Amino acid sequence: MNESQHTTAQRLENEARQLDAIDPIADFRNEFYFPKTEEGQDEIYFVGNSLGLQPKITREYVLQELDAWQSRGVRGHFQGDFPWLPYHEFLTDTMSEIVGAQSNEVVVMNTLTVNLHLMLASFYRPHGKRNKILLERQAFPSDHYAVESQIKWHGLEPAQCMLLVEPAPGQSTISTEQICERIHQYRDELALILLPGVQYYTGQVFDMQKITEKAREFDVLVGFDLAHAAGNIPLNLSHWDVDFACWCTYKYLNSGPGSIGGCFVNSRHTGNPDCLRLAGWWGHDKASRFRMENRFSPIPTAEGWQLSNPPILSLAAVRASLDVFKRVGGVGRLRQKSVRLTGFFHECLAQLLPGKVQILTPTEPQQRGCQLSLKVDLRDISGKSVFEQLESAGIRTDWREPDVIRAAPVPLYNSYHEVCRFVIELARLLNAA
Ligand SMILES: *Cc1c(COP(=O)(O)O)cnc(C)c1O
């Protein structure tokens, strides 16, 4: 770094320390385990959008259920502070707050892609020329495959039924206007819209309220994949009147690798026993479930979409994480810090690396969550090698082909100082090139 960059770096570092000192939720960082570098230092962990860190209390919650199994065996279904039969119910209220829903609209079950299929089975009901699903051309592969295979499942042609939206030429994100225009244009042919709440690659927040309003005008159903939105940005699914949504809990919700996901079904549908679905015994009326009479009567809440009795050890990890969210004051409180933290990230990049890093993520705070997606392909150094050198310096970010580094400072456990150190290291690498 040259002298003027050095001065800037020092000023930003001072600013970062001050911001950390007045951060009202800074202490929550101590409630998480950080992976260590070879030198035994905490890694700078900016991949909470991929796998959130482990809360220190998770072990205790999981062990509690192992102990219950050890000491009670099958009686654990009914006995103890957190019996297994209703265990998922202990998660519902906090999870509902996280996505802005009534508690009868939310259930923690299965994993994300499984839930997408269950929701598509209920809410993709092609009839006549109304057989199209609108999604992004750059949708996460699993979402793309789920939609494509559902269309084939109905004996239809993906090429005709997948309506793919993409950024306008020269843009990296899709505007709300573009999406609304498409909805209007295909108003008589659309059966369903499936979009992300936060786009995984660019970090763009979609205007879920506007999109849902537009779809409602033409009786098109709307679902959102909230993998990168749940625990990251405030959501208001009930008020927006979304039909369904699915999310995972291992990203911003810190519940461990492959942990159980969440699902929202609008109360307009949950109360309708005739709503078609793929059914299992765990979705059947709780009072008569064990009579084993084989007359399916769904629970009139989102629980009516459950198939199996759930893996309790995984739910225990979700419960531990949700307790941390509850104590910190929910997503609203996290969002206050997140806007500042990612804003500071943006400012550090602008001041230390003006013109050297292209940011794909929108600048407007309303249109982004924690994550910034950076393109750092310079003439003399490839983005991939920058990414690898960051790794060697103990900084975890995420590489996405062909040329993007995603970095997500998470307000629950990342600090302003870490953001600053990351940008200084990036500046050092890019200047050395
Ligand atoms: C992370 C992610 C997934 C992963 O799906 P799983 O079924 O949990 O493996 C799917 N879709 C999106 C948009 C994601 O970000």
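Details of the structure are given in the entry above.
Peer 1: Which parts of the structure should I look at to understand the nonpolar core?
Peer 2: A general feature of soluble globular proteins is that nonpolar side chains tend to end up buried together. Val99, Ile193, Leu226, Trp247 and Leu412 are the most contacted members of the largest nonpolar core, which totals 67 residues. Per-element accounting of this core gives the leading share, nine residues, to helix H11 (residues 312-328). Lining this core are residues from two domains, each supplying at least three of them: domain 1 (3-33 + 330-432) and domain 2 (62-328). Not counting residues up to four positions away in its chain, the partners in contact with isoleucine 193 are Leu134, Ile183, Ile211, Ala215, Val220, Leu221, Val222 and Gly223. Grouped together as the second largest cluster of nonpolar side chains are 34 residues, Phe46, Trp399, Tyr416 and Leu426 included.

Peer 1: What exactly am I supposed to notice about the site of the ligand here?
Peer 2: Neighbouring residues of the ligand: Leu112, Thr113, Phe140, Asp143, Asp225, Ala227, His228, Tyr250 and Lys251. In this structure, threonine 113 approaches the ligand through a side-chain N or O atom, which is 2.5 Å from an oxygen atom. Out of a free accessible area of 390 Å², the ligand has 82% covered by protein chains. Along the lines of polarity and charge, the residues of the shell around the ligand split into four nonpolar, two polar and three charged.

Peer 1: When you look at the packing of aromatic side chains in this model, what are you seeing that I'm missing?
Peer 2: Within a pair of aromatic rings, the relevant descriptors are the distance that separates the centres and the angle that separates the planes. Under the criterion given, the structure shown has 17 aromatic pairs. Ring geometry for phenylalanine 32 against tyrosine 413: centres 5.0 Å apart, planes inclined by 55°, an arrangement best described as tilted. Note that phenylalanine 32 is positioned in strand S1 (residues 32-33) and tyrosine 413 in the loop between strand S15 (404-407) and helix H14 (416-432), a separation of 381 residues in sequence. Classification of tyrosine 413 by relative accessible area gives buried; the value is 1%. Pairwise contacts between aromatic rings join Phe32, Phe34 and Tyr413 into one cluster. Over the face of the ring belonging to tryptophan 305 we find arginine 277, whose NZ or CZ atom lies 3.9 Å from the ring centre.

Peer 1: Can you walk me through the pattern of salt bridges in this structure?
Peer 2: Pairing is possible between side chains of opposite charge, provided their charged atoms come close. In total, this model carries 24 salt bridges according to the counting rule given. A salt bridge links aspartate 243 to arginine 268, with the shortest nitrogen-to-oxygen separation between them at 3.4 Å. With a gap of 25 residues between them, aspartate 243 in the loop between helix H9 (237-240) and strand S9 (244-247) and arginine 268 in helix H10 (residues 267-270) connect regions that are remote in the sequence. Judged by its relative accessible area of 40%, arginine 268 is partly exposed. Salt bridges sharing common partners tie together Arg29, Lys36, Asp42 and Glu418.

Peer 1: I tried to follow the pairing of strand S5 (residues 132-136) on my own but got confused; where do I start?
Peer 2: Taken residue by residue, a regular strand's side chains alternate between the two faces of the sheet. The buried fraction of S5 amounts to five of the five residues, a majority that puts the element mostly inside the structure. Side chains Lys132, Leu134 and Glu136 of S5 all project onto a buried face; the interleaved residues Ile133 and Leu135 project onto the opposite face, where all are buried too. Where S5 lies against strand S7 (residues 190-196), three bridges are found, and the strand directions are parallel. Looking at S7, one finds that leucine 134 is bridged to isoleucine 193. As paired strands, S5 and strand S6 (residues 162-165) are joined by four bridges and run parallel to one another. Each bridged residue has a counterpart across the sheet, and for isoleucine 133 the counterpart in S6 is methionine 162.

Peer 1: Explanation requested: the side chain of glutamate 136 in the structure shown.
Peer 2: Mapped onto the secondary structure, glutamate 136 falls in strand S5. Despite its burial, glutamate 136 remains without a salt bridge, the nearest opposite charge being carried by arginine 137 at 10 Å. In contact with glutamate 136, not counting residues within four places along its chain, are Leu164, Val165, Ile174, Leu195, Pro196, Gln199 and Phe206.

Peer 1: Explain the environment of leucine 19 here, please?
Peer 2: Its place among the elements puts leucine 19 in helix H1 (residues 3-21). Judged by its relative accessible area of 23%, leucine 19 is partly exposed. Taking the C-alpha atoms as reference points, leucine 19 and lysine 56, separated by 37 residues in sequence, lie 25 Å from one another. Not counting residues within four places of it along the chain, the set of residues in contact with leucine 19 comprises Phe344 and Tyr416.

Thresholds, definitions, all that
- Residues numbered from 1 in each chain as written.
- Predicted model: local features only at pLDDT ≥ 70, side-chain atom pairs only at ≥ 80, totals over all residues.
- Heavy atoms only, no water.
- Core = buried A, V, L, I, M, F, W, Y, C linked by side-chain atoms within 4.5 Å.
- Buried < 20%, exposed > 50% of the residue type's maximum accessible area, 1.4 Å probe, protein only.
- Helix = DSSP H or I, 4+ residues; strand = E, 2+ residues; numbered from the N terminus.
- Domains from an automatic or database assignment.
- Contact = heavy atoms within 4.5 Å.
- Near = heavy atom within 4 Å.
- Polar contact = N/O pair within 3.5 Å; in protein donor to acceptor, adjacent residues only side chain to side chain.
- Areas by Shrake-Rupley, 256 points an atom, 1.4 Å probe, with all protein chains shown as cover.
- Nonpolar A, V, L, I, M, F, W, Y, C, P; charged D, E, K, R; others polar.
- Phe/Tyr/Trp six-rings, centres within 6.5 Å; stacked < 30°, edge-to-face > 60°.
- Lys NZ or Arg CZ within 6 Å of the ring centre and 35° of its normal.
- Salt bridge = Lys/Arg side-chain N within 4 Å of Asp/Glu carboxyl O.
- Pairing = 2+ DSSP bridges.
- Lys, Arg positive; Asp, Glu negative; His and termini not counted.

Keep in mind these numbers describe shape, not what the thing actually does.
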